[in-house]
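# Structural description and commentary
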Amino acid sequence: MSQTADPKPRGCDPEGLLYDVAVVGAGAVGLAAALALARDGVRTALVGRHAPVADGRTVALLDGSVRLLRALGAWEALEPQAAPLAEMHLIDDTGSLFRPPPARFVAREIGLDAFGWNVENARLVEALRARARAIPELTLVEHDAAGRTLEADRTVLALEGGGRVAARLVVAADGGLSPLREAAGLSARRWTYPQKALTTILAHASDHREVSTEFHTREGPFTLVPLPGGRRSSLVWVSAEARAEALFTLDDDALARAIERQAQSMLGAMRIDGPRGLVPMRGLSVPRPVGPRLALVGEAAHVFPPIGAQGLNLGLRDAAALRDAVVGGRDPGGDAVLSRFARDRALDARLRTTAVDTLNRSLLTAFLPSDLARGAGLLALSTIGPLRRLVMREGVTPRLGTPTLMRG
């Protein structure tokens, strides 16, 4: 049954519609989940207000994520605003006694023009939001959820300001602090790091040549990722909390000089060309991302540092996998659908979380065996072709359990 977008919620009273799925959270993952479901005829409501934050953050959308956006009809409008990542370079800048040569990864080695495309977060959300407004099968309920009541065959969401939305399945895409997850009592393991990430947009004198460069330092990764135009890049600079806070307070000229020094002047003179943000480094993992008529996606299910372009891409795989489970089941909120979704996501989420956590912690210690292991790993990737290609393929899109809309 089709519903057009309307700022007044529909299906928000006891006699209103019973949706198959209500997605709570209007960020990129929530929007992608709602669009993926609605395109296959699943009666879907997207609950939440959209309030983008200007913090200079971008996302490197890996190949599988781009395939998903194509399937959702959002990529055509977004592509001109995205820059391809044709190569990725990893440089050890820790001062370790065992310092391997830079590792170079080239997308054409695995048959791709690019590993992915880098785009500003706000533009990604805008493109998905525009697509959601154009889909009559998707109802937009532009009010925040204020509570959840579980009934026999449905969940009823109370809305701020009054009204209700009833659905057989509620999808929590409401972030790392997820009120829905907390209210459902789902256990989560949490941890923190003694770091913060400075994010911003840069203009620079030299062309980036579609190369993303990540310096591994003793305080965390310093990463430059291409943006369209050849002479603009995004920055994620992970460093000790005190240093990150001091950098954040610098004026634009002083900050640009500090970035150029850290980048070893590889892109020439720098200029701050966008907003900046300061992000605490933390982690969260939910062992089983489902509850009674509830599924968690994105940061409601897993949070880890912005390293290796894994975070949002993992959340988009959640969204695509949820679509597969719901479309293939009879009751969207039934045990069979939720068990399939939890099973399909368990290994992927665990592997990505462990890999990012291990790499980040290895940079923070000068323990020689840890340095040796990390250095030997980079050296192996640089010199052993089959291993390098395997890691590149798995990093872009896992072959095991790839959701339907992300397959080539």
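The written sequence of each chain sets the order in which its residues are numbered from 1. Residues qualify for local features only when their pLDDT is at least 70, as the model is predicted, and side-chain atom pairs are given and counted only at 80 or more; totals for whole chains, interfaces and linings, by contrast, use all residues. The side-chain figures draw on all heavy atoms in the structure; neither hydrogens nor water molecules are used.

Spelled out, the test is: UniProt positions are given in the numbering used here, feature names are shortened, and annotations may be inferred rather than shown by experiment.
Taking an unreviewed UniProt entry as the reference, the chain is identified by name as UbiH/UbiF family hydroxylase belonging to Methylobacterium terrae. Its UniProt record gives the chain the following Cofactor (unreviewed entry) comment, quoted word for word: "FAD". The record in UniProt for the chain states the following under Pathway (unreviewed entry): "Cofactor biosynthesis; ubiquinone biosynthesis."

### Some details on the overall build of the chain
So the rule is basically this: Think of it this way: any DSSP run of H or I at least four residues long counts as a helix, any run of E at least two long counts as a strand, and we number them from the N terminus. Burial here depends on accessible area, computed with a 1.4 Å probe over protein chains only, as a share of the maximum for the residue type. Under 20% is buried, over 50% is exposed, and the range in between is partly exposed. Contacts: residue pairs with any heavy atoms within 4.5 Å of one another. What sets the accessible areas is the Shrake-Rupley method with a 1.4 Å probe; for residues, cover comes only from the shown protein chains.
Helix and strand content of the chain: eleven helices and 20 strands. The buried share of the chain, taken over its 408 residues, is 54%. Within the chain, contacts between residues separated by at least 24 positions form 73% of all contacts whose residues are at least 6 apart in sequence. Counting only carbon and sulfur atoms, one obtains 53% of the accessible surface of the chain, whose full area is about 17,100 Å².

### Re the pattern of salt bridges
What counts, and what does not: By definition here, a salt bridge exists when the distance from a side-chain nitrogen of Lys or Arg to a carboxyl oxygen of Asp or Glu is within 4 Å.
Applying the stated criterion across every chain, the model contains 25 salt bridges. A salt bridge links E245 to K196; the shortest N-O distance between them is 2.8 Å. Note that E245 is positioned in helix 6 (residues 241-249) and K196 in strand 12 (residues 189-204), a separation of 49 residues in sequence. Note on K196: relative accessible area 16%, which makes it buried. We note a salt bridge from R232 to D273, for which the minimum N-O separation is 2.8 Å.

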